[in-house]
Amino acid sequence: MRAWALLAAVFALLAIIAGFEIAAYAGAFGRVVWHVDTKDKVLFLTFDDGPSENTRAVLDILRENGVKATFFVVGKQAATHPDAVRAILKEGHGLGVHSMTHPWLWKNASEEIVLSKMLTENIAGSKVSLFRPPHGFMTPFVALEAEENNLTVVMWNVFPYDYKRGADEIISKVEEKIKPGSIIVLHDGPGNRSEMIEALPRIIAIAKSRNYSFGLLEDYLRD
Ligand SMILES: [Zn+2]
């Protein structure tokens, strides 16, 4: 068991290294999307770990700015805030799953993925096709489970650590990293997200001033 865990860790590390180099690749990890392969000046905003008491504020900012995003929801949060899940869809955003309880998926990958998909689809009343593993942690088992459930694995290439940085720093990290097809991760989970909420409209304004628009992953990831 320990040897397996070590092997899985090595594979996960290799996947992270390889993932930053190439957008999508096939192999032991199936298809993993790190950015959208496009020359269009389009960015993809994603929000992880919600929904929570912070989601409404995020949705309001997105609506005020005419911007769409994709929310990777945690099952137990979706169960606590089902209205927020429905609001995400009703307001034209994308929905993906991010496990039931946000563990490192060393084990219980099947249960975590299948249950979060079932629960979220049940609340939303529509199918979910995107999955982001908690902590971006992949193993061949996670990849297999995602594939068996018809879920495309979506990672990111802009991660400004919004949950532990001030608004100015979040903004400068995003500004520095964005390029056509970038997938940006922010977090709308429970707790104090005031820095992210302050940064969000300014990120959108900066991106628009650089002639970027914001797209929905599902529109670009159809094969
Ligand atoms: Zn997460």
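This write-up is about the structure you can find in this document. Fair warning: this is a prediction, and the values are worked out from it, not measured in the lab.

**Brief notes about the overall build of the protein**
Consideration 1: Within the protein, the secondary structure is distributed over 9 helices and 8 strands.
Consideration 2: Scored against the burial criterion, the 223 residues of the protein give a buried share of 44%.
Consideration 3: Restricting the contact set of the protein to residue pairs at least 6 apart, pairs at least 24 apart contribute 76%.

**Quick look at unusual backbone geometry**
Consideration 1: The omega torsion of the bond from Gly 50 to Pro 51 falls at -5°, within 30 degrees of zero and hence cis.
Consideration 2: Its place among the elements puts Pro 51 in the loop between β2 (42–48) and α2 (55–65).
Consideration 3: Phi is positive for Ser 99, which is not a glycine, with a value near 80°.
Consideration 4: Even without a glycine there, the phi angle at His 135 is positive, about 65°.
Consideration 5: Take His 135: it is sitting in the loop between β5 (130–131) and α6 (140–148).

**Describing helix α8 (residues 194–209)**
Consideration 1: For α8, with 16 residues, the first-to-last C-alpha span of 24 Å sits near the 22 Å given by 1.5 Å per residue.
Consideration 2: Of all the bends in α8, the largest measures some 30° and sits at Leu 200, one to four residues before the proline Pro 201.
Consideration 3: In this structure, the buried side of α8 is in contact with β2, α2, α7 (167–177) and β7 (183–187).
Consideration 4: Of the residues one or two after α8, Asn 211 is the one with positive phi, at around 65°.

**Observations concerning the pairing of strand β3 (residues 69–73)**
Consideration 1: Of all 5 residues in β3, 5 are buried, a share of seventy percent or more.
Consideration 2: Burial along β3 is two-sided: the residues Ala 69, Phe 71 and Val 73 and Thr 70 and Phe 72 are all buried.
Consideration 3: Pairing analysis gives 4 bridges linking β2 to β3, with the strands arranged parallel. Bridge pairing in β3 places Thr 46 opposite Thr 70.
Consideration 4: For the segment spanning β2, α2 and β3, crossover handedness is right-handed.
Consideration 5: As defined by bridge partners, β3 adjoins strand β4 (residues 94–97) across 4 bridges and the pair is classed as parallel. The residue of β4 that forms the bridge with Phe 71 is Leu 95.

**Some remarks on the environment of Glu 112**
Consideration 1: Structurally, Glu 112 can be placed in helix α5 (residues 109–124).
Consideration 2: Along the primary structure Glu 112 and Val 74 are separated by 38 residues, whereas in three dimensions their C-alpha atoms are 9.7 Å apart.
Consideration 3: Those residues in contact with Glu 112 that lie beyond four places of it in its chain are Ser 99, Met 100, Thr 101, Pro 103 and Leu 105.

**Notes on the pairing of β2**
Consideration 1: With 6 of its 7 residues buried, β2 lies for the most part within the structure.
Consideration 2: Pairing between β2 and strand β8 (residues 213–214): 2 bridges, direction parallel. Bridged to Val 42 within β8 is Ser 213.
Consideration 3: Strand direction decides the pairing type here: β2 and β7, joined by 5 bridges, are parallel. Bridge pairing in β7 places Phe 44 opposite Ile 183.

**Structural notes on α2**
Consideration 1: Three or more residues of α2 are buried, namely Thr 55, Val 58, Leu 59 and Leu 62. Across the axial projection of α2, the buried residues extend over an arc of 95°, all falling on one side.
Consideration 2: Contacts from the buried residues of α2 go to β2, β3, α4 (82–90) and α8.
Consideration 3: Just past α2, the residue Gly 66 takes up positive phi, approximately 65°.

**Observations concerning the nonpolar core**
Consideration 1: Counting 57 residues, the largest nonpolar core has Val 73, Val 153 and Ile 184 as the members making the most contacts within it.
Consideration 2: No other element matches the 6 residues that α8 contributes to this core.

**A look at the environment of Glu 64**
Consideration 1: By the element assignment, Glu 64 lies in helix α2.
Consideration 2: With 137 residues separating them in the primary sequence, Glu 64 and Pro 201 have C-alpha atoms 9.1 Å apart.

Thresholds applied
Residues numbered from 1 in each chain as written. Predicted model: local features only at pLDDT ≥ 70, side-chain atom pairs only at ≥ 80, totals over all residues. Helix = DSSP H or I, 4+ residues; strand = E, 2+ residues; numbered from the N terminus. Buried ≥ 20, exposed ≤ 12 C-beta atoms within 10 Å, placed from the backbone. Contact = placed C-beta atoms within 7 Å. Expected span 1.5 Å × (residues − 1). Bend = angle between axes of the 7 residues up to and from the residue. Pairing = 2+ DSSP bridges. Right-handed = clockwise from strand over helix to strand, strands pointing away. Arc of directions from axis to C-beta. Core = buried A, V, L, I, M, F, W, Y, C linked by C-beta atoms within 7 Å.

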